[in-house]
Amino acid sequence: MKDLDLALIGNCTIGALVDTKATITWACFPRFDADPMFCALLKSEDDYGFFSVDLAECTRTEQTYLENTAVLVTRLYDAFGGAIEITDFAPRFKQHGRTFHPMMLVRRIQRLTGSPRLVIRIRPACDNGAGRPTVTWGSNHIRYVAPSLTLRLTTDASLTAILQETSFLLDDSVTLLLGADETINEAASEVGRRFLEETTQYWRNWVRNLAIPFEWQTEVIRAAITLKLNAYDDTGAIIAAMTTSIPEAAGSIRNWDYRFCWLRDSYFVVNVLNRLGATHTMERYIAYIINIAAGTAGGALQPVYGIDGRAHLHESEVSTLDGYRGMGPVRIGNQAYQQIQHDVYGSAILAATHIFFDQRLTRRGDETLFRHLEPLGEQARRCHDQPDAGLWELRGSARVHTFSSVMCWVACDRLARIARQLKLTEREHYWQDHANAIHATISTRAWSTERGAFVSTFEGDAMDASLLLLVELGFLDANDPRFAGTVAAVELDLRRGDFIFRYVEVDDFGAPENAFLVCTFWYVTALATLNRREEARALFEKLLSCRNHHGLLAEHMDLRTGEQWGNFVQTYSMVGLINAAIRLSIRWDQAF
C-alpha cells in the first residue's frame, strides 16, 4: 500500500519523490506544475508511471540523505549477501558564474557486495497518466517521446536490459542520466561522478551559511533544504507542495492541487528562510511578488498564482489517474485563484518589507518600490471589513474573517513603518492612521466579551487556529491578556489530544477529520509566548515524532493512526517546525 514515507530530491527546477525501495513515484517535467511523467503515487495499477531499480530477492532496505544535502542514498540487500547502493539527486551547483540546475535526475547504482541481480524499469507516463511516451533509442541513449516533451536517458548500462526490462548482474556500477533531449558528449559515469561531487558541495556550502538554532539542528537543516527545494529558481515562486490530490483525510474528497504559489504560504516560507540567513531565496520571491503586483489592475491580488506568474489556474478533474490509494478525484489546477481572500495584501507587503530593512540584501527598497506597494495597501484599507473566503479557502460561504482583517491591518502598519524608514512623513501618518482605524475595528467587532477571546469572524463566536498568530503578526503584545484568553479559547474548541485543528465547524465537505500540522506548531509558539515553555517543548518533541523517517511532513495527521495525509512535502508544516525550533532553542551563547 502506498504511503508518504517518501524522500524528496530536486534542484529548484524539478522535484521527485522516492519511496523506500528507491522507486521514483512522482516527478513532473519540465517543472513543478507540469505533466507528472512519474505518477505512480496516484495510480492504482503499477503498470507505468515510475522509475524503479529492482534487486532480485531483496530482503532489506536502508535509506538516508547524505548529511546536509538533498542527495539520497538507498541500499538494497538480497537474500544471498548481495547489496547495491543507489544515489539519487538532481544536479545543482555553481558553474560559469551562475547556478546550474538542469531538468535532470541522476541515478548512480553501485555494487557493494556479492553478485546482485537487478532490473531497471523506466516507465514514464504522459498527459496526466493517460498514456505512455513513444520509445526510440540510439547507441547509448533512450528517448521517451511524449506530445509535449521528450526525455532522454543517457547511460552506460545495457540499453537492451533497460528496454526489455531483463535482469542483469551488476559487477561494478551504472549511471543513469534522465533529462532534456540533448546529447551528452562525456561518459555517463564521469558526468554522474562530477555532478554528484559538485551538488554535494553546493548543498553543504548552502547549509554552512544558515543561522540555525543550537537545538534541533538536524531537524531544522532538513526542513530548510526542503523549503529551498520548493522554490522555483527561474521566477522566484514558492510552491505549497510538490503533489496534487493527496487527500486531507481518507475518502474526504478534499483533494487539491498544491503545485502553485500561494502568497500567504510563501510569505511564511521566505520569512523563516530570512531568519535562517537564506536571503537569496527571499530576494527571488520578492521579485516575483513585485512583478505580480505591478501587473494587477488597481492593486487587486489573487490568493494564488502559477509559478510563472499566470493568473488563471483552471481546475479540472482528470479520469486518467485513480488517486492516492484509489481515493479520487485527481484535480489539476486550483479554483482558489478565483476566490476573494483579503489577507493576501498583508502577505505581499510583509514579504516585501524585508527589502527595506535588511542591509544584507543587494537590492534595497526605495521610494519607487514603496509607491508600487501602496495600491496593495489601498486594497487592504477598502477590504478590511468585507466578507471573503478566509485563509482556509471556504468554497461555499463568505464572512468577515478576523485573520483577513488582521492581515489588512498588517498591510497598512508595515507601509507606515516603511514610510518612516524612507522619511516619507506624510505617507507614514496616512498609513498609520488607517492602521489604527482598522485595529480599532477588529478590537471591537472580532472580540467576544462572552468568550473573553478574539473569534474567527466579526460578531461570531467560533474559533480558528489563525488567531494563534496575533502576537507573531504584531497585532497584540505578548503580555496582552486578550492573547492569553484567545489561546485558552482555541485550546477549548480546537485541541484534540496533543493537536490543534484549524477549525471544527462543518464546511462544504463536512467536518474536518484530521489535525492541520502547522496549526499545532503555531500553538507551540503561542505556548512559548505565554511562558509555558515546558509544555511547548514537550509538544514540539511530539510533533517531531510525527515526521516520516526522512524528517518530512505532509499537511495533516490522523490522530487515531498517526498517519500523515495531504499534499507532500507541505512547506507550511516545515515552516512551522523551523519557527518553533528557533523560538524554543536555548541560545548559542548559553549552550556551552
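Here the structure is a predicted model, which means the values were calculated and not measured. (Residues numbered from 1 in each chain as written. Predicted model: local features only at pLDDT ≥ 70, side-chain atom pairs only at ≥ 80, totals over all residues. Heavy atoms only, no water.)

Chemist: Honestly, the overall build of the chain in this entry has me stumped. Any pointers?
Modeler: Along its length, the chain carries 13 helices and 28 strands. Relative to the 2.2 N^0.38 estimate, which gives 25 Å for 592 residues, the radius of gyration of the chain is 25 Å and therefore close to what a compact globule would have. Judged by the C-alpha coordinates and their principal axes, the chain covers about 75 × 55 × 50 Å. By residue count, 62% of the 592 residues in the chain fall in the buried class. (Helix = DSSP H or I, 4+ residues; strand = E, 2+ residues; numbered from the N terminus. Rg over C-alpha atoms; globule rule 2.2 N^0.38 Å. Buried < 20%, exposed > 50% of the residue type's maximum accessible area, 1.4 Å probe, protein only.)

Chemist: I'm lost on the packing of helix H6 (residues 344-357) against helix H7 (residues 367-383) in this one. Help?
Modeler: Helix packing for two helices is described by the angle between their axes and how far apart those axes are. Between H6 and H7, the shortest axis-to-axis distance is 10 Å and the interhelical angle comes to 155°. With respect to their mutual orientation, H6 and H7 come out roughly antiparallel. In this structure, the crossing between H6 and H7 has a hand that is left-handed. Where H6 abuts H7, its residues Tyr345, Ala348, Ile349, Ala352, Ile355 and Phe356 lie against Leu369, Phe370, Leu373, Leu376, Gly377, Gln379 and Ala380. Of the residues assigned to the contact of H6 with H7, the class counts are 11 nonpolar, two polar and no charged. (Axes fitted to C-alpha atoms, helices over the stretch in contact; angles between N-to-C directions. Parallel < 35°, antiparallel > 145°, perpendicular 65-115°, else oblique. Left-handed = near helix turned anticlockwise from the far one by under 90°. Contact = heavy atoms within 4.5 Å. Nonpolar A, V, L, I, M, F, W, Y, C, P; charged D, E, K, R; others polar.)

Chemist: Teacher, can you tell me more about the packing of helix H4 (residues 263-276) against H6 here?
Modeler: With their axes 8 Å apart at the nearest point, H4 and H6 run at an angle of 25° to one another. Considering their axes alone, H4 and H6 lie roughly parallel with respect to each other. The chirality of how H4 crosses H6 is left-handed. Together, Leu263, Arg264, Tyr267, Val270, Asn271 and Asn274 of H4 and Val344, Ser347, Leu350, Ala351 and His354 of H6 make up the contact between the two elements.

Chemist: Just checking my understanding: could you explain the environment of leucine 105 for this structure?
Modeler: Positionally, leucine 105 belongs in strand S11 (residues 104-113). Sequence separation of leucine 105 and isoleucine 246 is 141 residues, and the distance between their C-alpha atoms is 23 Å. In contact with leucine 105, not counting residues within four places along its chain, are Ile9, Ile14, Ala16, Ile24, Phe29, Phe89, Ala90, Leu176, Leu177 and Leu178.

Chemist: Where do I start with the side chain of aspartate 464 in this structure?
Modeler: Of note, aspartate 464 is situated in the loop between strand S23 (453-454) and helix H10 (481-494). No salt bridge is formed by the buried aspartate 464. Its closest oppositely charged neighbour is arginine 399, at 7.9 Å. Among the polar contacts listed, one links the side chain of aspartate 464 to the side chain of serine 466, at a separation of 2.5 Å. (Lys, Arg positive; Asp, Glu negative; His and termini not counted. Salt bridge = Lys/Arg side-chain N within 4 Å of Asp/Glu carboxyl O. Polar contact = N/O pair within 3.5 Å; in protein donor to acceptor, adjacent residues only side chain to side chain.)

Chemist: Please explain empty space enclosed by the protein as it appears in this structure.
Modeler: In this approach the atoms are scanned with a rolling probe the size of a water molecule, which exposes any empty space left behind. Inspection of the entire model under this criterion finds three cavities of 30 Å³ or more. For the largest cavity, the calculated volume is near 340 Å³. Surrounding the largest cavity, 25 residues form its lining, Glu248, Tyr258, Trp392, Glu393 and Arg502 being those nearest its centre. For the lining of the largest cavity, the residue count by class is 12 nonpolar, three polar and 10 charged. Of the voids in this model, the second largest cavity is the one considered here, and its volume is about 40 Å³. Around the second largest cavity sit Glu248, Ala249, Arg254, Arg502, Pro512, Glu513, Asn514 and His556, which together line it. (1 Å grid on protein atoms, 1.4 Å probe; cavity = no way out; pocket = protein on both sides within 12 Å on 5 of 7 lines; lining within 4 Å. Points joined across faces, edges and corners; volume = space filled by probe spheres on them.)

Chemist: So what exactly am I meant to see when it comes to helix H9 (residues 425-445) here?
Modeler: Residues lying three or four places apart along an α-helix face the same way, a consequence of the helix completing one turn every 3.6 residues. Relative to the 30 Å expected for 21 residues at 1.5 Å per residue, H9 spans 30 Å between its end C-alpha atoms, a close match to the ideal helical length. Within the span of H9, buried status applies to Arg427, Glu428, Trp431, Ala435, Ile438, His439, Ile442 and Ser443. End-on, the buried residues of H9 take up no more than an arc of 135°, which puts them together on one face. H9 presents Asp433 and Thr444 as exposed residues on the side facing more than 90 degrees away from its buried surface. Of the surrounding secondary structure, the elements contacted by the buried residues of H9 are H7, helix H8 (402-421), strand S22 (447-448), S23 and H10. (Expected span 1.5 Å × (residues − 1). Arc of directions from axis to C-beta.)

Chemist: Please clarify how the packing of aromatic side chains should be interpreted in this entry.
Modeler: Two descriptors summarise a pair of aromatic rings, namely the distance from one centre to the other and the angle between the planes of the rings. Evaluation of the coordinates by the stated rule reveals 25 aromatic pairs. Considering the side-chain rings of phenylalanine 38 and phenylalanine 51, the 6.0 Å spacing of their centres and the 45° angle between planes classify their relative orientation as tilted. Of the two residues, phenylalanine 38 is situated in strand S4 (residues 35-38) and phenylalanine 51 in strand S5 (residues 50-55); the sequence distance between them amounts to 13 residues. Classification of phenylalanine 38 by relative accessible area gives buried; the value is 0%. Classification of phenylalanine 51 as buried rests on a relative accessible area of 1%. For the pair tyrosine 430 and tryptophan 431, a centre-to-centre distance of 4.9 Å together with 90° between the ring planes defines the contact as edge-to-face. In this structure tyrosine 430 comes out as partly exposed when scored by relative accessible area, which is 23%. Members of the aromatic cluster, each reached through a chain of ring pairs, are Tyr267, Phe268, Trp392, Phe516, Trp522 and Tyr572. Against the face of tyrosine 48 rests lysine 43, its NZ or CZ located 4.1 Å from the ring centre. Cation over ring: arginine 222 sits above tyrosine 65, and NZ or CZ is 3.8 Å from the ring centre. (Phe/Tyr/Trp six-rings, centres within 6.5 Å; stacked < 30°, edge-to-face > 60°. Lys NZ or Arg CZ within 6 Å of the ring centre and 35° of its normal.)

Chemist: What is the right way to read a nonpolar patch on the surface from this model?
Modeler: Judged by side-chain polarity, Val135, Trp137 and Leu163 come together as a nonpolar surface patch covering roughly 290 Å² of accessible area. Structurally, the position occupied by tryptophan 137 is in strand S13 (residues 134-137). (Patch = residues over 30% accessible without salt bridge, like charges linked within 9 Å, V, L, I, M, F, W, Y side chains within 5 Å. Areas by Shrake-Rupley, 256 points an atom, 1.4 Å probe, with all protein chains shown as cover.)

Chemist: I'm lost on the sheet that holds S13 in this one. Help?
Modeler: Two orientations exist for strands paired in a sheet by backbone hydrogen bonds: parallel and antiparallel. As summarised here, the arrangement of the eight strands in space is S6-S7-S8-S11-S17-S15-S14-S13, forming an open sheet in which the pairing is antiparallel. Since the sheet does not close on itself, it has two edges, and those belong to strand S6 (58-65) and S13, each with one partner. Here the average twist between neighbouring strands, direction ignored, is 15°. Of the strand pairs in this sheet, S6 and strand S7 (residues 72-78) are connected by seven bridges, and their pairing is antiparallel. Bridge assignment links tyrosine 65 to a residue of S7, and that residue is leucine 72. Packed on one face of the sheet, helix H2 (residues 188-208) meets strand S8 (83-89), S11, strand S15 (150-155) and strand S17 (173-180) and runs near 100° to S11. (Pairing = 2+ DSSP bridges.)

Chemist: In this structure, what is going on with the sheet that holds strand S26 (residues 515-516)? I would like to understand it.
Modeler: Read across the open sheet, the three strands follow the order S26-S27-S28; overall the sheet is antiparallel. Each having just a single partner strand, S26 and strand S28 (564-565) make up the two edges of the open sheet. Where strand S27 (residues 556-557) lies against S28, two bridges are found, and the strand directions are antiparallel. For histidine 556, the partnering residue across the bridge sits in S28 and is tryptophan 565.

Chemist: How should the pairing of strand S1 (residues 7-10) be read in this particular structure?
Modeler: Each regular strand carries side chains that alternate between the two faces of the sheet. Neither face of S1 is exposed, since Ala7 and Ile9 on one face and Leu8 and Gly10 on the opposite face are all buried. Sheet topology note: the S1/strand S2 (residues 15-18) ladder contains four bridges and is antiparallel. Bridge pairing links leucine 8 to leucine 17 in S2. Where S1 folds back on S2, the antiparallel hairpin that results is connected by four residues, among which cysteine 12 adopts a positive phi of roughly 75°.

Chemist: What am I meant to see in the pairing of S2 here?
Modeler: On S2, burial covers both faces: Gly15 and Leu17 on one face and Ala16 and Val18 on the other are all buried. Bridging between S2 and strand S3 (residues 24-29) involves three bridges; their strand directions are antiparallel. Within S3, the position partnered with alanine 16 by the bridge is alanine 27. Counting the residues between successive antiparallel strands, the hairpin from S2 to S3 contains five residues, one of them, alanine 22, with a positive phi of roughly 70°.

The values are spatial; any link to function lies outside them.
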